[in-house]
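# Summary of structural features
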Amino acid sequence: MSREFYYRWEWPLRSSPDALWPLVADTNRFDRDVGFPSVERLPKAGGDDRKPGHRVRTKIGGIRIEWDERPFEWVRPQQFEVVREYLSGPLKNLRVLVKLMPGTAGGTQLVYQIWLQPRGLLGALLIPLQARIAKRRFGKTFRHYDNLALVGRTPADSPMAAPAACKP
């Protein structure tokens, strides 16, 4: 069995959880803002619609990645969670849990936790490198959302450009 990697990152933000929620919880926008490539929804294998969630595919660095994504679990405006089970690519599975907690002096303490299990050596080598990159990009994006929330704007009012290294 592969070693599971775990990361926990925190950002103190000035806006309230209520103000940040529509920005942070828009995961499609967040994925674009941090530079993740677009994804394609696929029909489930054999038409198996009994399992909740959906099948998704993308391509990163020439590697085709496909996964089954369980339905998100939302608790507005405190947290959301998603689990992905990968069918191809360098990961076996991934779980993300994002919490927006009231800060002790106001604002929000945003906690981003991620559990990743690699599929083989390539995944085990890529995860720590990609985690460092992700932490930096996620922090920049959350601070951007915080600035927007402080003035009552949305990401659509001020879109971020995807980093060139991650564009498909």
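Residues numbered from 1 in each chain as written. Predicted model: local features only at pLDDT ≥ 70, side-chain atom pairs only at ≥ 80, totals over all residues. Heavy atoms only, no water.

### Description of unusual backbone geometry
The phi angle of most residues is negative, glycine excepted, and most peptide bonds adopt the trans form. Of note, the bond from R76 into P77 is cis; its omega dihedral lies within 30 degrees of zero at -5 degrees. In this fold, P77 is placed in the loop between β5 (73–75) and β6 (79–86). (Helix = DSSP H or I, 4+ residues; strand = E, 2+ residues; numbered from the N terminus.)

### Structural notes on the environment of V83
Tracing the sequence through the fold places V83 in strand β6. On the accessibility criterion, V83 (17% relative accessible area) is buried. Put simply, V83 and E69 are 14 residues apart on the chain and 6.1 Å apart in space, counted from C-alpha to C-alpha. Contact partners of V83, with chain neighbours within four places excluded, come to D68, E69, R70, L94 and R95. (Buried < 20%, exposed > 50% of the residue type's maximum accessible area, 1.4 Å probe, protein only. Contact = heavy atoms within 4.5 Å.)

### Thoughts on the packing of aromatic side chains
Across all of its chains, the model carries 18 aromatic pairs by this definition. Their ring planes at 75 degrees and their centres at 6.1 Å tell us that W21 and F80 sit as a pair that is edge-to-face. Of the two residues, W21 is situated in helix α1 (residues 17–24) and F80 in strand β6; the sequence distance between them amounts to 59 residues. No difference in accessibility class separates W21 from F80, as the two residues are buried. Ring plane angle 35 degrees and centroid distance 5.1 Å describe the contact between W74 and F80, whose orientation is recorded as tilted. Judged by its relative accessible area of 43%, W74 falls in the partly exposed class. Counting every residue linked through ring pairs, the aromatic cluster contains Y7, W9, W11, F30, F36, Y112, F138, F142 and Y145. One Lys or Arg, R3, reaches over the ring of F5 and ends 4.1 Å from the middle of that ring. (Phe/Tyr/Trp six-rings, centres within 6.5 Å; stacked < 30°, edge-to-face > 60°. Lys NZ or Arg CZ within 6 Å of the ring centre and 35° of its normal.)

### Describing the nonpolar core
Formed by 35 residues in total, the largest nonpolar core has its most connected members in W9, V24, L110, Y112, F138 and F142. Only β1 (5–13), α1, β4 (63–69), β6, β7 (91–102), β8 (108–118) and α3 (120–150) provide two or more residues apiece to this core. Ranked by residues supplied to this core, first place goes to α3 with 8 residues. Here L110 is in contact with W9, E10, W11, L13, V24, V98, K99, L100 and F142, once residues within four sequence places are set aside. (Core = buried A, V, L, I, M, F, W, Y, C linked by side-chain atoms within 4.5 Å.)

### A few points about the pairing of β7
Bridging between β6 and β7 involves 7 bridges; their strand directions are antiparallel. If you follow E85 over to β7, its bridge partner there is N93. The loop that links β6 with its antiparallel partner β7 comprises 4 residues; one of these, G89, has a positive phi angle of about 100 degrees. Pairing geometry for β7 and β8, over 11 bridges, is antiparallel. Counted as the bridge partner of R95 is W115 from β8. (Pairing = 2+ DSSP bridges.)

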